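Descriptive structure summary
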Amino acid sequence: MTEPVRDRWAEWLLERRDGGDPVQQKASLEFLFPIRDRVLENAGLSGGETLLDVGAGDGLIAFGALDIVGKNGRLIFGDISQDLLDHSKKLAGDTGVLDRCRFLRASADDLGALEDESVDAVTTRSVLIYVEDKRRAFEEFYRVLKSGGRLSIAEPINSFTYPEPEHLFMGYDVTPVQDLARKVRAVYERIQPPGDPMMDFDERDLADFADAAGFSEVHLTLEISISRGNPSGILGGWDRFIRWTGNPKVPSLGEAMNEALIPHELERLESHLRPLVERAERVSRDAFSYLWAVK
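Here is a short report on the structure shown in this document. Computed from a predicted model, the values in this text were never measured in an experiment. (Residues numbered from 1 in each chain as written. Predicted model: local features only at pLDDT ≥ 70, side-chain atom pairs only at ≥ 80, totals over all residues. Heavy atoms only, no water.)

To continue, consider the pattern of salt bridges. This model, assessed by the stated rule, comprises 22 salt bridges. Among the salt bridges present, the one from Glu 49 reaches Arg 150, with a minimum N-O distance of 2.6 Å. Taken as a pair, Glu 49 in the loop between helix H2 (22-43) and strand S1 (50-54) and Arg 150 in strand S5 (residues 145-156) lie far apart in primary sequence, 101 residues in all. Judged by relative accessible area, which is 13%, Glu 49 ranks as buried. Here Arg 150 falls in the buried class, since its relative accessible area comes to 14%. Among the salt bridges present, the one from Glu 265 reaches Lys 183, with a minimum N-O distance of 2.6 Å. On the criterion of sequence distance, the pair formed by Glu 265 in helix H11 (residues 263-278) and Lys 183 in helix H7 (residues 178-191) is long-range, its members being 82 residues apart. With relative accessibility at 11%, the residue Glu 265 sits in the buried group. You can call Lys 183 partly exposed: its relative accessible area is 37%. The network of salt bridges with common partners includes Asp 116, Arg 136, Glu 139, Glu 140 and Arg 143. (Salt bridge = Lys/Arg side-chain N within 4 Å of Asp/Glu carboxyl O. Helix = DSSP H or I, 4+ residues; strand = E, 2+ residues; numbered from the N terminus. Buried < 20%, exposed > 50% of the residue type's maximum accessible area, 1.4 Å probe, protein only.)

Printed below as a string of structure tokens:
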């Protein structure tokens, strides 16, 4: 019997993000746990409160809040993916906390199923990068929060990293094979051009959206990291590297290479890029923002 087809959000989060590799999955979680903890700390939750986690995904933040809100607290898992909501609902049932959870299919910019001033805190992690109308999302966050309620979000600032200079590809120096890297890059740019929601904002925009929505306090920190070595969340090894996918909308590097290049070009690009990956000769540039606000 074949497995049922999952939507692209669930397929990426539960399988493609880590290439089906348990070791890679463990590394991803170790990378994500500190981010989860920062988001929850900034949310200022306490016992008995109700948390709405927008773009809950596999439940990383919402399940992490269970002990904080306690037995009298409530968790609302919000996501556009019914498959991910079903996944989280099963986990909640397996762990005996289903009666404390609600599962809501909704986008960040349309939380119409929730009443005004109905939750104590709203959280997101890497969600707004997929939302076209970010301003509307902040207005919805503000609307559903009670007076004194808190918003806590964490978002990568991809505009800090892209576009890369022509001689770099995914942080690696591809000067001798720029022509081939350009062809592969075009695959990604066709799917997510410069105006894509993933790259059409920076940290100042996030602060402005929160301010315009009416929050009485808005705080934001930006963390920039430039390092040499393996990229965050990607372990060494060519095979793992070409299976890794950065988000649900794009192909893996291996898939993009096969789409863009003919056999002898594939061989030429791999012969240059593979040793760099194996030796971790990459410059990683990352920017991540944490915003928290009070209604």
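Alright, that's what it looks like, and here's the rest.
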